[in-house]
Amino acid sequence: MTSAGPLDGVTVVDLTRALAGPHAGMMLGDMGARVIKVETPGKGDDTRGWGPPFVGPNEEIATYYLSCNRNKESITLDLKSDDGKQVLTKLIEKSDVLLENFRTGVLDRLGFSMEQIQEINPRMVILSITGFGHDGPQTGRAGYDQIAQGEAGLMSMTGPNPQTPTKVGVPIADLLSGMYGAYGVVSALYERERTGRGKVIRTSLLASVIGVHAFQGTRWTVGKDLPKAEGAFHPSVSPYGLFSSADGLVQIAVGAESQWQKFAPAFGFEPNDPAYATNGDRVRNNAQLIPAINQAFSAYSTPDLLAKLNELGIPCGEVKDLQQVYEWDQVRSQGLVIDVEHPVLGQIELPGPPLRMFDGESEWKREHTAPPELGADNDAVRAWLGLDA
Ligand SMILES: CC(C)(COP(=O)(O)OP(=O)(O)OC[C@H]1O[C@@H](n2cnc3c(N)ncnc32)[C@H](O)[C@@H]1OP(=O)(O)O)[C@@H](O)C(=O)NCCC(=O)NCCS
């Protein structure tokens, strides 16, 4: 599979499974890298079994697997066998990037420690993802998104109230590890242009969530104000959240004083009322302001309210389900739904890549391929390595 793009010519050996590592591989593939996914014979990536939903004539394909493996090739290798070790060694010789998200120590036991990999190929950029870190008192601890969302504090800040810790609706700790990981890989590839040498990049589910604590992190580290779940409202900006119209729900985000000056008179508030004059005043008085806004909004249907808010230039919107999202012409206009031809399922739609690349007016678009079937590229990859099928 070749494709001219920013990472054209970069070959990635992807030893990862589940979501964190595969997401990193998919991001590199989106940019044109060749990604060779190495899977356990007979079983493959764990996500091949993560369902329902399963699709296909015999319900054999997990839609979970389809979410994070576009634009890859699949080979099966028993990494505990001589043959598997030989093929992996050849792959390392001929590749630029290696991704792994085993427990700490697994690769060393297989005979592919970081040092051994870099001895085989000093230019190799290695991304290594763990649950909680490669060292420290809890190294080696297995990690899945559910656990990381709780242990990294995310669940304590999410949900309707502090008594109901809630996880984000997508495995955000996994996805962030993959995203930070891909960012590390691209940075190391850039550095390699200068130094001629690869690097080992380490991240974890724990690190990736802390990496996005943002204002909630400094709220605690500096302000000693402990964040807690506050539903669909913002702890530091107001009015900012989910409100009710006469017939549904409407979101508003009044993030600037100039917006408040327009919003307030349009809905019966005195903009310079001392209770609401500044953002800080409004946040402190949210207990009165939120019901008062709901009261004002109850005079409008959702479409009328959104039209009025849009006319005023107030950032606003609905709460859409995924059917509405994927049918939305704005989503489709951004290339956020792609068609791929799957050998069993025929043409299927997948969520598309979130980055677009332009050279002047001309947009680079890669030709996307469907997530591969287990071992689909065994022969082709072995032939490329100069090995018998
Ligand atoms: C994901 C995770 C929880 C899975 O744990 P696990 O099922 O116990 O898997 P491990 O990584 O410990 O590997 C299990 C075994 O499979 C073996 N294995 C993996 N791929 C193999 C292959 N292709 N051929 C032969 N053996 C293979 C490993 O060598 C290891 O064997 P060992 O225990 O004898 O050393 C764990 O790997 C982890 O915490 N990873 C880091 C965080 C992460 O990425 N989590 C997933 C987020 S989506």
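The protein is annotated in an unreviewed UniProt entry as CoA transferase from Epidermidibacterium keratini.

Caption draft 1: Looking closely at the environment of Tyr-144. Structurally, Tyr-144 is set in the loop between strand 7 (125-130) and helix 6 (145-151). Taking the C-alpha atoms as reference points, Tyr-144 and Leu-19, separated by 125 residues in sequence, lie 9.4 Å from one another. When neighbours within four sequence positions are excluded, Tyr-144 is seen to be in contact with Asp-46, Trp-50 and Leu-205.

Caption draft 2: Expanded view of the pattern of salt bridges. Using the criterion set out here, one finds 18 salt bridges in the structure. One salt bridge connects Asp-225 with Arg-219, and the closest N-O pair in it is separated by 3.0 Å. When salt bridges with common partners are traced through the structure, they connect Arg-219, Asp-225 and Glu-230 into a single cluster.

Caption draft 3: Representation of the nonpolar core in the model. In this structure, Val-12, Leu-28, Val-97, Leu-99 and Val-185 are the most contacted members of the largest nonpolar core, which totals 26 residues. Those residues within four positions of Val-12 in sequence are excluded, and the remaining contacts are Leu-28, Ala-33, Arg-34, Val-35, Ile-36, Val-97 and Leu-99. Grouped together as the second largest cluster of nonpolar side chains are 23 residues, Leu-88, Phe-112, Met-114 and Ile-126 included.

Caption draft 4: Local environment of the sheet that holds strand 7. If you trace the 6 strands from one edge of the open sheet to the other, you get 5-2-1-6-7-8, paired in parallel fashion. Edge positions in the open sheet fall to strand 5 (72-76) and strand 8 (200-204), since each of these has one partner strand only. Put simply, the sheet's adjacent strands are angled 20° from each other on average, direction ignored. In the packing of helix 3 (residues 82-94) onto the sheet, contacts are made with strand 1 (11-14), strand 2 (34-39), strand 5 and strand 6 (97-100), and the angle to strand 1 comes to roughly 150°. Each of strand 6, strand 7 and strand 8 is contacted by helix 7 (residues 172-195), which is oriented at about 160° to strand 7, the strand it contacts most.

Caption draft 5: The arrangement of unusual backbone geometry in detail. Backbone torsion omega between Gly-51 and Pro-52 reads 0°, so that peptide bond is classified as cis. Within the secondary structure layout, Pro-52 lies in the loop between strand 2 and strand 3 (54-55). The peptide bond linking Pro-52 to Pro-53 adopts the cis configuration, its omega dihedral lying at 5°. Of note, Pro-53 is situated in the loop between strand 2 and strand 3. You will see that Ala-18, though not glycine, has its phi angle at about 70°, which is positive. Along the chain, the position of Ala-18 falls in the loop between strand 1 and helix 1 (20-30). On the accessibility criterion, Ala-18 (10% relative accessible area) is buried. For Ala-214, which is not a glycine, the phi torsion comes out positive at approximately 50°. Secondary-structure assignment places Ala-214 in helix 9 (residues 214-221). Look at Ala-214 and you get exposed, because its relative accessible area is 54%.

Caption draft 6: Local environment of the packing of aromatic side chains. Considering all chains together, one arrives at 12 aromatic pairs under this definition. A centroid spacing of 5.0 Å and a plane angle of 90° characterise the contact between Trp-50 and Tyr-64, whose relative ring orientation is edge-to-face. Within this pair, whereas Trp-50 is found in the loop between strand 2 and strand 3, its partner Tyr-64 is found in helix 2 (residues 63-66), the two being separated by 14 residues in sequence. On the basis of relative accessible area, Trp-50 is assigned to the partly exposed category, the value being 30%. On the basis of relative accessible area, Tyr-64 is assigned to the partly exposed category, the value being 24%. Three or more aromatic residues joined by ring pairs make a cluster, and in this case those are Phe-233, Phe-243, Trp-260, Phe-263, Phe-267, Phe-269, Tyr-276, Phe-297 and Tyr-300. Between the NZ or CZ atom of Arg-48 and the centre of the ring of Tyr-65, over which it lies, the distance is 4.0 Å. Sitting over the face of the ring of Phe-267, Lys-308 holds its NZ or CZ atom 4.9 Å from the ring centroid.

About the thresholds
Residues numbered from 1 in each chain as written. Predicted model: local features only at pLDDT ≥ 70, side-chain atom pairs only at ≥ 80, totals over all residues. Heavy atoms only, no water. Helix = DSSP H or I, 4+ residues; strand = E, 2+ residues; numbered from the N terminus. Contact = heavy atoms within 4.5 Å. Salt bridge = Lys/Arg side-chain N within 4 Å of Asp/Glu carboxyl O. Core = buried A, V, L, I, M, F, W, Y, C linked by side-chain atoms within 4.5 Å. Buried < 20%, exposed > 50% of the residue type's maximum accessible area, 1.4 Å probe, protein only. Pairing = 2+ DSSP bridges. Axes fitted to C-alpha atoms, helices over the stretch in contact; angles between N-to-C directions. Phe/Tyr/Trp six-rings, centres within 6.5 Å; stacked < 30°, edge-to-face > 60°. Lys NZ or Arg CZ within 6 Å of the ring centre and 35° of its normal.

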